[in-house]
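# Structural overview
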Amino acid sequence: MATEEGLFGNYKKCEFCGRPLPVHFESNLCPKCQDTQLFRQVKEFIRSNDVNEYEVAEHFHIPLKQVKEWIRDGRIEYRTDDPSKNISSMHCQRCGAPITFGTLCSKCLKVLNGGHGTSSKSGSIQNDSRMHYLDSDEENPL
């Protein structure tokens, strides 16, 4: 990778987005592009394997906290029609019921939305207990 001379000295550019990086930065991608690339790899791994959040964290050597954050953010989720088979350790912050993503269960979301349904995207595949990703990250393709 070639370095460039700028107002603040020598720098290199992120291979994907072109952001300036310090010459001695260990990667050729900026931190934001590294995170996006990692999430895309996680999505592909989830798509190809029947895994839970612990296996994802172990496979990618990332903190379980990061995987759970993606679940809370609604970027990945578990889908199952039998709550007793819910393999996620996430629970509704309001009532404590097991949830597959986000921070609230569908009943609490409905109550908080005044009985007008939920704001979740889960509604299509309800009989699969594998972890899934949601396509809400499409504005940042790698």
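To be clear, the structure that these remarks concern was listed above.
Let me begin by describing the structure that accompanies this report.

Cut-off values and rules
- Residues numbered from 1 in each chain as written.
- Predicted model: local features only at pLDDT ≥ 70, side-chain atom pairs only at ≥ 80, totals over all residues.
- Heavy atoms only, no water.
- Helix = DSSP H or I, 4+ residues; strand = E, 2+ residues; numbered from the N terminus.
- Buried < 20%, exposed > 50% of the residue type's maximum accessible area, 1.4 Å probe, protein only.
- Contact = heavy atoms within 4.5 Å.
- Arc of directions from axis to C-beta.
- Polar contact = N/O pair within 3.5 Å; in protein donor to acceptor, adjacent residues only side chain to side chain.
- Salt bridge = Lys/Arg side-chain N within 4 Å of Asp/Glu carboxyl O.
- Axes fitted to C-alpha atoms, helices over the stretch in contact; angles between N-to-C directions.
- Parallel < 35°, antiparallel > 145°, perpendicular 65-115°, else oblique.
- Left-handed = near helix turned anticlockwise from the far one by under 90°.
- Nonpolar A, V, L, I, M, F, W, Y, C, P; charged D, E, K, R; others polar.

### Regarding the overall build of the protein chain
Looking only at helices and strands, the protein chain has four helices and five strands in total. Scanning the protein chain from its N terminus toward the C terminus, one meets helices and strands in the order β-β-β-α-α-α-β-α-β. Buried positions account for 35% of the 142 residues belonging to the protein chain. Partitioning the intrachain contacts of the protein chain with sequence separation of at least 6 by distance along the chain shows that 42% fall at a separation of at least 24.

### Regarding helix α2 (residues 53-60)
Considered for burial, the residues of α2 that qualify are Glu53, Val56, Ala57 and Phe60. In a view along the axis of α2, the buried residues occupy a sector of 95°, so they form one face of it. Of the residues that open α2, the one with a side-chain oxygen 2.9 Å from the backbone nitrogen of Tyr54 is Asn52. Positioned one or two residues after α2, His61 has a phi angle of 55°, which is positive.

### Some words on the pattern of salt bridges
For the structure shown, the criterion picks out one salt bridge. Between Glu44 and Arg47 there is a salt bridge; the shortest N-O distance is 2.8 Å. Of this pair, Glu44 and Arg47 both sit in helix α1 (residues 31-48), three residues apart, roughly one helical turn. The class for Glu44 is partly exposed, based on a relative accessible area of 38%.

### Digging into the packing of α1 against α2
The interhelical angle for the contact between α1 and α2, taken along N-to-C directions, is 130°, at an axis separation of 11 Å. For the element pair α1 / α2, the angle class is oblique. Of the two elements, α1 crosses α2, and the hand of that crossing is right-handed. Of the residues in α2, those touching α1 at Leu38, Gln41, Val42, Phe45 and Ile46 are Glu55, Val56, His59 and Phe60. For the contact of α1 with α2, the per-class residue count stands at six nonpolar, two polar and one charged.

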